[in-house]
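Read off the chains here:
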Amino acid sequence: MFTTIARSLFPGLLLLAVTACTMGPDYRRPDVMVPLTYKQDAPWKAAEPRDAQARGAWWALYNDPVLDRLEEQAAEANQSLQAAYARLSQVQAGVGISEAERLPRLDLNASAQRSRLLLNQFGLDSSGPSATIFNYYNVPLAMNYEIDLWGRVKRSVEAARADSANAVADYQAALLSLQGEVARNYFTLRALDNEIVLFEQTLVLLQEALDLVRSQYENGLVSGLSLAQAETELANTEAEAVGLRQQRSELVNTIAVLIGTPASDFSLAAAAHELQPPGIAPGLPSQLLERRPDIAAAERRMAASSARIGVAKTAFFPSISLTGNGGYSSGEIDALFAWDNRTWGFGPAVSLPIFDGGRNSANLERARLAYQEAIAEYRQQVLLAFQEVEDGLQGLEFLARQGELLRQALASARKALELSDQRYRSGYVSYIEVIDTQRTALQVARSLARVQGRQMTTSVLLIKALGGGWQTD
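Residues numbered from 1 in each chain as written. Predicted model: local features only at pLDDT ≥ 70, side-chain atom pairs only at ≥ 80, totals over all residues. Heavy atoms only, no water.

Asks: Residues and numbers for the layout of surface pockets, please.
Replies: For the largest pocket, the calculated volume is near 400 Å³. Lining the largest pocket are 21 residues; nearest its centre among them are Gln201, Thr202, Leu205, Leu417 and Gln438. Sorting the residues of the lining of the largest pocket by element identifies α4 (152–218), α8 (359–425) and α9 (431–465) as the ones contributing at least two each. For the lining of the largest pocket, the leading source of residues is α4, giving nine residues. Considered class by class, the residues forming the lining of the largest pocket number 14 nonpolar, three polar and four charged. (1 Å grid on protein atoms, 1.4 Å probe; cavity = no way out; pocket = protein on both sides within 12 Å on 5 of 7 lines; lining within 4 Å. Points joined across faces, edges and corners; volume = space filled by probe spheres on them. Helix = DSSP H or I, 4+ residues; strand = E, 2+ residues; numbered from the N terminus. Nonpolar A, V, L, I, M, F, W, Y, C, P; charged D, E, K, R; others polar.)

The following block contains the structure:
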């Protein structure tokens, strides 16, 4: 009997499966406005997206073993990155859930029941016993399979896979952001170390000058005003040096958190550091920008939103499922699996929406609007990417000019300090002139150290804006 029914239904079901269509638009990446060149004479060459391209250890461009070690520790132990990986794994598990809808579902729902039934409750002859006790054992195997006539399952799988790719890109974006933050904070720390070294050198000179002024004061060669001025300048400079050390301590603690280490257990030795950003490769091609993980994530969100339009459209059409069951039922446990106690059933089930109060129309409109939102966010992300690249390129150019001018100013300030010290020792000027020239030389040297630090952090941001370096192979 079961075979006869299945044979009679199979041709019609096969015809439905063959003629099934997929609702909703097929995804196509929308166009975006792309400039022909960068402002800094770096041509923008046409290319295909390559967000899956390996970025490698881009920080090796700086040739700093300490930075290399910090980047490795951050990738292994940063807790925010581990949380991002857990989110990625959750989304990838969702793909398996969506793909499982393509296959039939089988459930075994075995049950056993012992009941007492009142016979007169159902108008039965009450001349005998008023109740009876019986057992019931049931071992059914239920099957349900949705025929994907309108492509609901197919579009759901497309959306889930796009969500998974989006999660991968989000994880890569989190990793790239973490790597950039480690490098940026590290170079900020090294620039601060250079400033502290300048203060230490200046404090040595100020102490020597104070000793000289005190000796002159004790011999009656200068007034108490000159001594007070020398003492004030030394104490003020020491106070500024303490403030810089506080900033350094906070930066070390920030790096400790980034690499997943308790701040109390982490330290970085202070040292003067030569800060020179790597040279930029000429002719930056477009695939560098298109491989940015945040742009890739925005593009995959568009694909998922497009697929969900198709899912929303299928709600207007009937859904057809094949249902079946088979198993054994008996009142005696010993005879449960006897051939005569077998049960089965098989047939289609059709669900057709008649009236939903506009729910399906609203869901479809919401899906379309979500897709438009995803398009706008993708285009905005591309615009921001161009802005970040331009900021990095122009920033490095302007900082290089500023650094060159500050080097010239520092040479002049040091020469002025030398001349001022000679004039003071010869008795031509008061000590206040030495203090002014000393303060000017220190300010210029600090400005140069800060600009060099900004050159390094700007180069890091440029590499991050390009998706992790400018290597295309």
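Asks: Give me the lowdown on the environment of leucine 149, citing residues and values where you can.
Replies: Mapped onto the fold, leucine 149 is located in the loop between β3 (131–147) and α4. Once the C-alpha coordinates of leucine 149 and isoleucine 320 are considered, the two residues, 171 residues apart in sequence, prove to be 7.6 Å apart.

Asks: I'd like to hear about a nonpolar patch on the surface, residue by residue, with values.
Replies: A surface patch of nonpolar side chains, amounting to about 310 Å² of accessible area, comprises Leu106, Leu108 and Leu141. Positionally, leucine 108 belongs in strand β1 (residues 105–108). Classification of leucine 108 as exposed rests on a relative accessible area of 57%. (Patch = residues over 30% accessible without salt bridge, like charges linked within 9 Å, V, L, I, M, F, W, Y side chains within 5 Å. Areas by Shrake-Rupley, 256 points an atom, 1.4 Å probe, with all protein chains shown as cover. Salt bridge = Lys/Arg side-chain N within 4 Å of Asp/Glu carboxyl O. Buried < 20%, exposed > 50% of the residue type's maximum accessible area, 1.4 Å probe, protein only.)

Asks: Describe in detail the packing of helix α2 (residues 65–77) against helix α3 (residues 79–100), supporting the description with residues and values.
Replies: Packing of α2 against α3 leaves a shortest axis separation of 6 Å and a crossing angle of 45°. With respect to α3, the element α2 is oriented oblique. Across from Ala74, Ala75, Glu76 and Ala77 in α2, the residues of α3 making contact are Gln79, Leu81 and Gln82. Considering only residue class, the contact of α2 with α3 consists of four nonpolar, two polar and one charged. (Axes fitted to C-alpha atoms, helices over the stretch in contact; angles between N-to-C directions. Parallel < 35°, antiparallel > 145°, perpendicular 65-115°, else oblique. Contact = heavy atoms within 4.5 Å.)

Asks: Quick rundown of the packing of aromatic side chains? Include the residues and the values.
Replies: Any pair of aromatic rings gets described here by the distance separating the centres and the angle formed by the planes. Enumeration over the complete set of coordinates arrives at six aromatic pairs. Ring geometry for tryptophan 58 against tryptophan 59: centres 5.7 Å apart, planes inclined by 75°, an arrangement best described as edge-to-face. Judged by relative accessible area, tryptophan 58 falls into the buried class, the value being 4%. When the ring of tryptophan 150 is compared with that of phenylalanine 317, the centres are 4.9 Å apart and the planes differ by 35°; the resulting orientation is tilted. Residue tryptophan 150 is located in the loop between β3 and α4, and its partner phenylalanine 317 is located in the loop between α7 (293–314) and β4 (319–330); the two are separated by 167 residues in the primary sequence. Exposure remark for phenylalanine 317: the relative accessible area of 30% places this residue in the partly exposed category. Every member of this aromatic cluster is reached through a ring pair, and the members are Tyr62, Tyr186 and Phe187. (Phe/Tyr/Trp six-rings, centres within 6.5 Å; stacked < 30°, edge-to-face > 60°.)

Asks: Please provide a residue-by-residue account of the side chain of asparagine 360, values included.
Replies: As for its position among the elements, asparagine 360 is in helix α8. We classify asparagine 360 as buried; its relative accessible area is 12%. Once residues within four sequence positions are removed from consideration, asparagine 360 is found in contact with Ala315, Phe316 and Pro353.

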